[in-house]
Amino acid sequence: MIIQFDDIPPDGLRLVIDDLSWFPEEFDKKGSIKVDIELERQENNLVFLWGDIRATLVLQCDRCLEKFEFPLSGRFKVDFELVKNSETAVVADEHFCSASEMDTILLDRPEIDIDEVLAQQVRLSVPMKNVCSDNCKGICPQCGANLNIGDDACRCQAVSESPFKTLSKLMNS
Ligand SMILES: [Zn+2]
Ligand SMILES: [Zn+2]
């Protein structure tokens, strides 16, 4: 969805986005996604956008490789500033680089690509390292069993531990 600066009335524009065509393909999601957008035109060449995305992503744990649900929610704000062509040429490639650069996006046309903003917000909200829980034990490097499931999943530990158990028995007796 593209919003022109001129589409935004003086008292602001509210959007509720139902269609999910913007959702980045690289992520799995669960259930529905709720998106609210508010646009406010500050000056001729400046637009503020407040957004709220509520979704549940399905990520893969980096440690145990199991899928887990990651709730995504929270408001964000992005400013769009219309600048002259010569100014944008320098920054065009860096528009969507990092969280800090999301604060102000420089445009060379008075139009906002809402889909791109939303997709980028999802990407920025996902942590660099995905771990299903702080206590995730990961997989056994020897047999690949998921160590979160329980003692029975992996026998490697039991084998390597047994000499010590025998030793401690000897020392205690
Ligand atoms: Zn895990
Ligand atoms: Zn094992």
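In this text the structure is predicted, and so the values were computed from the model without any measurement.

Cut-offs applied
- Residues numbered from 1 in each chain as written.
- Chains lettered and ligands numbered in written order.
- Predicted model: local features only at pLDDT ≥ 70, side-chain atom pairs only at ≥ 80, totals over all residues.
- Heavy atoms only, no water.
- Donors = N, O, S within 2.8 Å, 3.2 Å for Na, K, Ca; no water.
- Tetrahedral: all angles 85-135°; square planar, octahedral: opposite > 155°, others 65-115°.
- Helix = DSSP H or I, 4+ residues; strand = E, 2+ residues; numbered from the N terminus.
- Buried < 20%, exposed > 50% of the residue type's maximum accessible area, 1.4 Å probe, protein only.
- Contact = heavy atoms within 4.5 Å.
- Phe/Tyr/Trp six-rings, centres within 6.5 Å; stacked < 30°, edge-to-face > 60°.
- Lys NZ or Arg CZ within 6 Å of the ring centre and 35° of its normal.

## Considering the coordination of the zinc ion (ligand 2)
Working step 1: At 2.3 Å from the zinc ion (ligand 2) lie its protein donor atoms, namely C140 (SG), C143 (SG), C154 (SG) and C156 (SG).
Working step 2: Considering all four donor atoms around the zinc ion (ligand 2), angles at the metal cover 104 to 114 degrees and the coordination shape is tetrahedral.

## Concerning the environment of A55
Working step 1: Within the fold, A55 resides in strand β4 (residues 46-60).
Working step 2: Judged by its relative accessible area of 7%, A55 is buried.
Working step 3: Between the C-alpha atoms of A55 and S73, which are 18 residues apart in sequence, the distance is 6.6 Å.
Working step 4: Leave out the neighbours within four places in its chain, and A55 touches S32, I33, F70, P71 and L72.

## Details of the coordination of the zinc ion (ligand 1)
Working step 1: Here the zinc ion (ligand 1) is held by C61 (SG), C64 (SG), C132 (SG) and C136 (SG), and the distances to it run 2.3 Å.
Working step 2: Bound by four donor atoms, the zinc ion (ligand 1) shows angles of 104 to 113 degrees at the metal and therefore tetrahedral coordination geometry.
Working step 3: Site description for the zinc ion (ligand 1): donor spacing in sequence, C-x2-C-x67-C-x3-C. Within this pair, whereas C64 is found in the loop between β4 and β5 (67-72), its partner C132 is found in the loop between α2 (114-125) and α3 (156-172), the two being separated by 68 residues in sequence.
Working step 4: Residue class for C64 comes out buried when judged on its relative accessible area of 4%.
Working step 5: Judged by relative accessible area, C132 falls into the partly exposed class, the value being 32%.

## Some details on the packing of aromatic side chains
Working step 1: Following the criterion strictly, the structure yields two aromatic pairs and no others.
Working step 2: For the ring pair W22 and F23, a centre distance of 5.6 Å and an interplane angle of 65 degrees mean the geometry is edge-to-face. Just as W22 is buried, F23 falls in that class too.
Working step 3: Residues F48 and W50 carry aromatic rings whose centres are separated by 5.9 Å and whose planes lie at 90 degrees to one another, so their mutual orientation is edge-to-face.
Working step 4: What makes F48 buried here is its relative accessible area of 17%.
Working step 5: The ring of F48 carries K77 above its face, with NZ or CZ at 3.8 Å from the centroid.

Read these as geometric descriptors, not functional statements.
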